[in-house]
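Listed below, chain by chain, are the residues.
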Amino acid sequence: MISFVLASASPSRLRILEQAGVDPIVRPSRVDEDAVQAALPAGTPHVRVVEELARAKAQDVLDREGAQLAAEARAAGANTLIVVGCDSMLLVDGQLEGKPHTYERAMERWQKMRGRHGVLLTGHAMLVADLPAEDPVRPSTATNSSGADAGVSGGEDDDVVVVKYSGADTSDTTVHFGYPSDEDLDVYLRTGEPLECAGAFTIESLGGWFIDRIDGDPSSVIGLSLPLLRRLLHDAGMHAYQLWRPELRA
Ligand SMILES: Nc1nc2c(ncn2[C@H]2C[C@H](O)[C@@H](COP(=O)(O)OP(=O)(O)OP(=O)(O)O)O2)c(=O)[nH]1
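Residues numbered from 1 in each chain as written. Predicted model: local features only at pLDDT ≥ 70, side-chain atom pairs only at ≥ 80, totals over all residues. Heavy atoms only, no water.

Trainee: Which parts of the structure should I look at to understand the overall build of the protein?
Mentor: Across its full length, the protein carries seven helices and eight strands. Evaluated residue by residue, the protein yields a buried proportion of 47% over its 250 residues. For the protein, restricting intrachain contacts to residue pairs at least 6 apart in sequence, the fraction spanning at least 24 positions comes to 73%. Summed over its atoms, the accessible surface of the protein is roughly 12100 Å², and 51% of this surface lies on carbon and sulfur atoms. (Helix = DSSP H or I, 4+ residues; strand = E, 2+ residues; numbered from the N terminus. Buried < 20%, exposed > 50% of the residue type's maximum accessible area, 1.4 Å probe, protein only. Contact = heavy atoms within 4.5 Å. Areas by Shrake-Rupley, 256 points an atom, 1.4 Å probe, with all protein chains shown as cover.)

What follows is the structure, given as structure tokens:
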């Protein structure tokens, strides 16, 4: 049985999973994204930037809450703990854009990008730990998909969580922006809907009026790519249905 943790405060990431049959344990990360990005070497490829941010989020939750999550998972009868972190940014004109936060910044971005296209990058990181029924044995030299030591999280020996698999990947979706009128744009941005969204847009709800088309999977634009997560699960020897609610797997 799997205990699945979404290391995110994003309501849209949670909604994607819930609509796809998964009720994750939600544990927002406390990562300083600007600090993580600033610490990356100059010239780090854009896909690596969002992947490192996603990895930092998943690792932060596992480091801070792994022992508690493992204890709760064991109590629920789970023998595997999965923690997933994500990070989305829009690549446009060679620049990675996060959330605009303000009407003014969102308007400035839309004035530049309407009628054009950008690439929405969503980095994903998945950490998997085995939960032995008894107290965990001493840390093993678990390895990840690249063969490196996958690392160990936790404090005292008796609450060590051994990561047996660490995988990451990034989805890229080309978003073709429509040309909303100044009036439409003003009213849309004043609703506040896109201000906390990477790239200052949403592809569903009100934003759906202003996105002409996308080349890629819609879930990755909204914040978490289900097909990419399926591939990471498969790489770790698991299947998507194993995350689904019990009544869906009856
Ligand atoms: N509903 C919706 N949300 C979108 C769309 N595009 C991007 N977003 C949201 C998903 C994320 O919540 C946000 C991207 O920002 P981040 O990747 O930094 O995640 P956020 O800080 O929201 O949460 P997290 O870091 O995971 O706790 O933008 C969209 O088309 N629709």
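Trainee: What is the right way to look at the packing of helix H4 (residues 103-113) against helix H5 (residues 182-190) in this model?
Mentor: For any two helices packed against each other, one specifies the crossing angle of their axes together with the interaxial distance. Packing of H4 against H5 leaves a shortest axis separation of 10 Å and a crossing angle of 145°. Every pair of crossing elements has a handedness; the one defined by H4 and H5 is right-handed. Across from Tyr103, Ala106, Met107, Trp110 and Gln111 in H4, the residues of H5 making contact are Asp182, Leu185, Asp186, Tyr188, Leu189 and Arg190. Its residues assigned to classes, the contact of H4 with H5 comprises seven nonpolar, one polar and three charged. (Axes fitted to C-alpha atoms, helices over the stretch in contact; angles between N-to-C directions. Left-handed = near helix turned anticlockwise from the far one by under 90°. Nonpolar A, V, L, I, M, F, W, Y, C, P; charged D, E, K, R; others polar.)

Trainee: What should I look at first to understand the site of the ligand in this one?
Mentor: The immediate surroundings of the ligand are formed by 21 residues, with Ser8, Arg13, Lys57, Lys99 and Glu204 found nearest. Between an oxygen atom of the ligand and a side-chain N or O atom of Ser8, the distance comes to 2.6 Å. Take Asp87: an N or O atom from its side chain is 3.4 Å from an oxygen atom of the ligand. Out of a free accessible area of 620 Å², the ligand has 92% covered by protein chains. (Near = heavy atom within 4 Å. Polar contact = N/O pair within 3.5 Å; in protein donor to acceptor, adjacent residues only side chain to side chain.)

Trainee: What's the story with the side chain of Ser88 in this structure? I'm lost.
Mentor: Relative to the helices and strands, Ser88 resides in strand S3 (residues 80-92). Residue classification places Ser88 among the buried residues on the basis of a relative accessible area of 13%. A distance of 3.0 Å separates the side chain of Ser88 from the side chain of Arg13, its partner in a polar contact. Separated by 2.8 Å, the side chains of Ser88 and Thr122 make a polar contact.

Trainee: Would you explain the UniProt feature "active site" (unreviewed entry) in the protein in this entry?
Mentor: The UniProt feature table records "active site" (unreviewed entry) at Asp87. For Asp87, the location among the structural elements is in strand S3. Those residues in contact with Asp87 that sit more than four places away from it in its chain are Arg13, Glu33, Val50, Leu53, Ala54, Lys57, Leu121, Thr122 and Gly123. (UniProt positions renumbered as here; feature names shortened; annotations may be inferred.)

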